[in-house]
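Listed below are the residues making up each chain.
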Amino acid sequence: MPQIPMAAEGPLLTLDDLSIVFSSPDEADIVAVRQVDLTLRRGKTLALVGESGCGKSVTARAILRILDKSAAIPSGQIIFSPDDAEPVDIATLNPDSIAMRTIRGNRISMIFQEPMSSLSPVHTIGDQIDEMIILHERVTPKQARERTIALLDQVGIPGPRERADAYPFQLSGGLRQRAMIAMALSCNPDLLIADEPTTALDVTTQAQILDLLRQLQDDYGMAMLFITHDLGVVAEIADDVAVMYLGDVVEQGDVFDVFATPQHPYTRALMSSIPKMQRKAERERLQPIQGTVPSPKDRPQGCSFSSRCPVAFEPCAKVRPDPTRTGKQHRTRCHLIERELKPGEVIV
Amino acid sequence: MLGFIISRLISMVLTIWAISLVAFAIIQLPPGDYLTTYVATLSASGDRVDPRVIEALREQYGLGQPFIVQYWKWVSGIVTAGDFGQSFEWGRPVTELIWGRLGNSILLEGLAVIVMWFVALPIGVYAAVNKYSLGDYLATIFGFLGLAIPNFLFALVLMYLGYAWFGVVMGGLFSPQFEGAHWSFARVLDFLSNAWAPVLVLATAGTAQLIRVMRANLLDELRKPYVTTARAKGLPEWRVILKYPVRVALNPLVSTIGWLLPTLVSSSVIVSVVMNLPTAGPMLLRSLTTQDMYLAGTLILLLGVLTVIGTLISDLILAWIDPRIRYGGE
């Protein structure tokens, strides 16, 4: 009797205490990502939010192991457990190994931010998608092209047969991003990483692309890691949300939970800095987060937010908080919460 | 594409016409003419010249006529009869003199270009991909040495070493017994055994430059997001590099093919003199110093024509490999 692997039950992808370091010959090493815990559920969307430079994209690229040669993963695990294969720790694989390359593009694929420059300018759209299908599956070029055309049709590109022979510069930004999505879906991945896929597009196109992604997720049943700094987009698309600040994931949970009862002071600050539509009389001044994001070099030893946190206290700057369960599927790294959970204690 | 080629052909004809005018004007620019130089040479060696003989010669060559008449005679001769005029110094039609020389030039410098590309491109790609590695530094050192050492010096050193160590006399393109022979397998072998040295010398500076250019181009391209996209597909690293950024980085290099030939011909003059190569360079130099105007003019014109044809070829290749150029006009 064939054994059903345990993997099919648990999360699809788990990042555990991941750190990523960039080294250069001239400067001290930069710890771009210090502490990332993420859990991706099968078929669900996790939105990874945070300011520019907090390490979102680096984390995403680390999952595919397409970081620069200067980057290293000194600690942590990236456990990928697809339905029909043994779980594998991606962090230990050689980036150019066959094991990694059969995951990359095939089981985990990625959409990038800039549809203008993320497609090769000298190859047709069809060529670039065909290549990926032929690479991962035993099909003839002709079969690959038929599938490419079907994919282009599915992502809503009009005249897919002709457009397959078009070059990226002959398409609009929205169409290019659709072509990019078609490429990412071409091998029916278990996980789709979308790195700010709508940032470079105008608002109407943005909404169409989000709808398309949601629709495709229903059709394909894949999980999605959606990277963005736009909380509106998060609310629209995500099942779970993880908040990242300066290389640390500070809070992860169900999107309704996190939006309704944000636990970490940084998440709360983020929520209160969203402009609201209000009548003139009821308008309040926006409350921006005090201070600026320090560079990773000046990151506090303890909680990275402690240098700007309005409620920081004794251990925050020195000791890194452990994740605390603050609800079903909801985890937060904050000393305040650890404290609050102890009975009989009062924080001033 | 057809329209592109036709419009290019038309502008090519106009360019060549302009080149012929300029070439003819340039060889007329120095004061005096072939006969003045001739007289000066004769008097320098103590000979007396009868002015009437000179006058008769001037009449015969049509040197006293206005510029435009001389130009018209020359050009109409070329167009109608393929007659490029008479070389004063050699006393023979220019066409008899140049083809062999020009053929040697094209052959030799063409080989140098091929060697350059075959050596430089892989090294350039390696240096860019492994930036700041030992290999990159070695390529850089080799590159700057190649750039800094003048070609003729390299030729001299090579000839000296060849003679001192192996007793080989380098120079010329053919052994004496093959000099005037028809092309045969043996002659090709003989050519190759003689030509490797000049080809090596001619290729060094260009190779060094090409390595630097390829490295810089590729470094720019490697940073582009489409390379990351290609990597994210799961392609092996070498295929990512060769198929995407290298392909794009080649474009600016392809567009330089057109200028390579004339650059090589003019830069190879000294090497050709040093190594006694029967190419067009030394002939052009000599014809310019003696004001042998039809010979000089023809050589300049043909070099111009080669440049124009080279540019057309590189444009066509460029349009073929880069769709942005192919569709740019639409």
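Calculation criteria
- Residues numbered from 1 in each chain as written.
- Chains lettered and ligands numbered in written order.
- Predicted model: local features only at pLDDT ≥ 70, side-chain atom pairs only at ≥ 80, totals over all residues.
- Heavy atoms only, no water.
- Salt bridge = Lys/Arg side-chain N within 4 Å of Asp/Glu carboxyl O.
- Helix = DSSP H or I, 4+ residues; strand = E, 2+ residues; numbered from the N terminus.
- Core = buried A, V, L, I, M, F, W, Y, C linked by side-chain atoms within 4.5 Å.
- Buried < 20%, exposed > 50% of the residue type's maximum accessible area, 1.4 Å probe, protein only.
- Domains from an automatic or database assignment.
- Contact = heavy atoms within 4.5 Å.
- UniProt positions renumbered as here; feature names shortened; annotations may be inferred.
- Polar contact = N/O pair within 3.5 Å; in protein donor to acceptor, adjacent residues only side chain to side chain.
- Buried area = accessible area lost by both parts, 1.4 Å probe.
- Axes fitted to C-alpha atoms, helices over the stretch in contact; angles between N-to-C directions.
- Parallel < 35°, antiparallel > 145°, perpendicular 65-115°, else oblique.
- Left-handed = near helix turned anticlockwise from the far one by under 90°.
- Phe/Tyr/Trp six-rings, centres within 6.5 Å; stacked < 30°, edge-to-face > 60°.

Trainee: Can you walk me through the pattern of salt bridges in this structure?
Mentor: Opposite charge on two side chains allows them to pair when their charged atoms are near. For the structure shown, the criterion picks out 24 salt bridges over all chains. Across the salt bridge formed by B:Arg8 and B:Asp315, the nearest N and O atoms sit 2.0 Å from each other. One end of the pair, B:Arg8, is in helix α1 (residues 2–28); the other, B:Asp315, is in helix α15 (residues 293–321), and 307 residues separate them in sequence. When salt bridges that share partners are traced, they join A:Asp127, A:Asp130, A:Arg145 and A:Asp165 into one network.

Trainee: Quick question: what am I supposed to make of the nonpolar core here?
Mentor: Nonpolar side chains in soluble globular proteins tend to end up buried together. Counting residues in hydrophobic clusters, the biggest one holds 95 residues, and the most contacted among them are A:Ile108, A:Ile181, A:Leu191, A:Ile193 and A:Leu213. Examining the composition of this core, we find that 8 residues originate from one element, helix α6 (residues 173–185) of chain A, more than from any other. Counting the residues that make up this core, at least three belong to each of domain 1 (121–186) and domain 2 (263–279 + 287–341) of chain A. Apart from the residues within four sequence positions on either side, A:Ile181 is in contact with A:Ile111, A:Val155, A:Ile209, A:Leu212, A:Leu213 and A:Leu216. Judged by nonpolar contacts, the second largest core, of 41 residues, contains B:Phe191, B:Leu219, B:Val254 and B:Met275.

Trainee: How should I be thinking about the UniProt feature "transmembrane region" (unreviewed entry) in chain B in this particular structure?
Mentor: All names here are of chain B. The positions UniProt marks with the feature "transmembrane region" (unreviewed entry) are residues 9–29, 106–129, 141–166, 248–274 and 294–321. Taken end to end, residues 141–166 is 92% helix and 0% strand, and its two terminal C-alpha atoms sit 28 Å from one another. Annotation note: span residues 294–321, helix share 100%, strand share 0%, distance between end C-alpha atoms 40 Å.

Trainee: I keep staring at unusual backbone geometry and nothing clicks. Help me out?
Mentor: In most cases, non-glycine residues show a negative phi, while peptide bonds are predominantly trans. All names here are of chain A. Not every positive phi belongs to a glycine, and Arg65 is a case in point at roughly 55°. Structurally, Arg65 is set in the loop between α1 (56–64) and β4 (71–80). Even without being glycine, Glu196 reaches a positive phi, approximately 45°. By the secondary structure assignment, Glu196 is in the loop between β7 (191–195) and α7 (203–220).

Trainee: Can you help me understand the environment of B:Thr263 in this one?
Mentor: Residue and element names in this part refer to chain B. With respect to the secondary-structure elements, Thr263 resides in helix α12 (residues 257–267). In this structure Thr263 comes out as partly exposed when scored by relative accessible area, which is 45%. A C-alpha to C-alpha distance of 9.3 Å links Thr263 and Thr307, two positions 44 residues apart in sequence.

Trainee: Before we go on, may I ask you to explain the environment of B:Glu89 in this structure?
Mentor: All names here are of chain B. Its location among the elements puts Glu89 in the loop between β1 (86–87) and β2 (92–93). Once the C-alpha coordinates of Glu89 and Leu156 are considered, the two residues, 67 residues apart in sequence, prove to be 30 Å apart. The residues touching Glu89, leaving out its near neighbours within four places in the chain, are Tyr34, Arg286, Thr290 and Asp292.

Trainee: Honestly, the environment of B:Lys73 in this entry has me stumped. Any pointers?
Mentor: Assignment of secondary structure puts B:Lys73 in helix α4 (residues 67–81). As for B:Lys73 and B:Leu250, which are separated by 177 residues in sequence, their C-alpha atoms are 44 Å apart.

Trainee: Where do I start with the side chain of A:His335 in this structure?
Mentor: Residues and elements named next belong to chain A. Tracing the backbone shows His335 in helix α11 (residues 335–341). Take His335: its relative accessible area is 7%, and that puts it in the buried class. A polar side-chain atom of His335 sits 2.6 Å from the main-chain carbonyl oxygen of Val319. Discounting chain neighbours no more than four positions away, the residues touching His335 are Phe313, Pro315, Cys316, Val319, Arg320 and Pro321.

Trainee: Honestly, the interface of chain A and chain B in this entry has me stumped. Any pointers?
Mentor: The figure often quoted for interface size is the accessible area lost as the parts come together. On the side of chain B, 25 residues touch chain A, which itself brings 26 residues to the contact. In total, chain A and chain B occlude about 2,300 Å² of area from one another, counting both sides; carbon and sulfur atoms represent 62% of this. Of all residues in chain A, the largest losses of buried area upon contact with chain B belong to A:Val122, A:Glu131 and A:Leu135, amounting jointly to 25% of the total for that side. Run the count over chain A and chain B and you get 2 salt bridges.

Trainee: Whenever I open this one, the packing of helix α3 (residues 125–136) of chain A against α6(A) confuses me. Can you help?
Mentor: Two numbers describe a pair of packed helices, the interaxial angle and the distance between the axes. All names here are of chain A. The contact between α3 and α6 brings their axes to 9 Å, and the two run at 15°. Judged by the angle between their axes, α3 and α6 are roughly parallel. Judged by the sense of rotation from one axis to the other, the crossing of α3 with α6 is right-handed. Contacts from Ile125, Gln128, Ile129 and Met132 of α3 reach α6 at Ala179, Ala182, Met183 and Ala184.

Trainee: Would you take a moment to explain the packing of aromatic side chains for this structure?
Mentor: For any pair of aromatic rings, the description consists of the separation of the ring centres together with the inter-plane angle of the planes. Residue and element names in this part refer to chain B. All chains considered together, the criterion is met by 11 aromatic pairs over all chains. Geometrically, the ring pair formed by Phe67 and Tyr71 is stacked, given 6.3 Å between the ring centres and 15° between the ring planes. Taken together, the residues span about one helical turn, with Phe67 and Tyr71 both in helix α4 at a distance of 4 residues. Taking the relative accessible area as the measure of exposure, Tyr71 reaches 6% and is therefore buried. Taken together through their ring pairs, the aromatic side chains of Phe24, Phe67, Tyr71, Trp74 and Tyr294 make up a single cluster.

Trainee: Looking at this model, I keep getting lost on the packing of helix α5 (residues 94–129) of chain B against helix α11 (residues 245–254) of chain B. Mind explaining?
Mentor: All names here are of chain B. It is at 12 Å that the axes of α5 and α11 come closest, and there the two elements cross at 135°. One finds that α5 runs oblique with respect to α11. Here the hand of the crossing between α5 and α11 comes out right-handed. On the side of α5, the interface is formed by Trp117, Leu121 and Val125, while α11 contributes Val246, Leu250, Leu253 and Val254.

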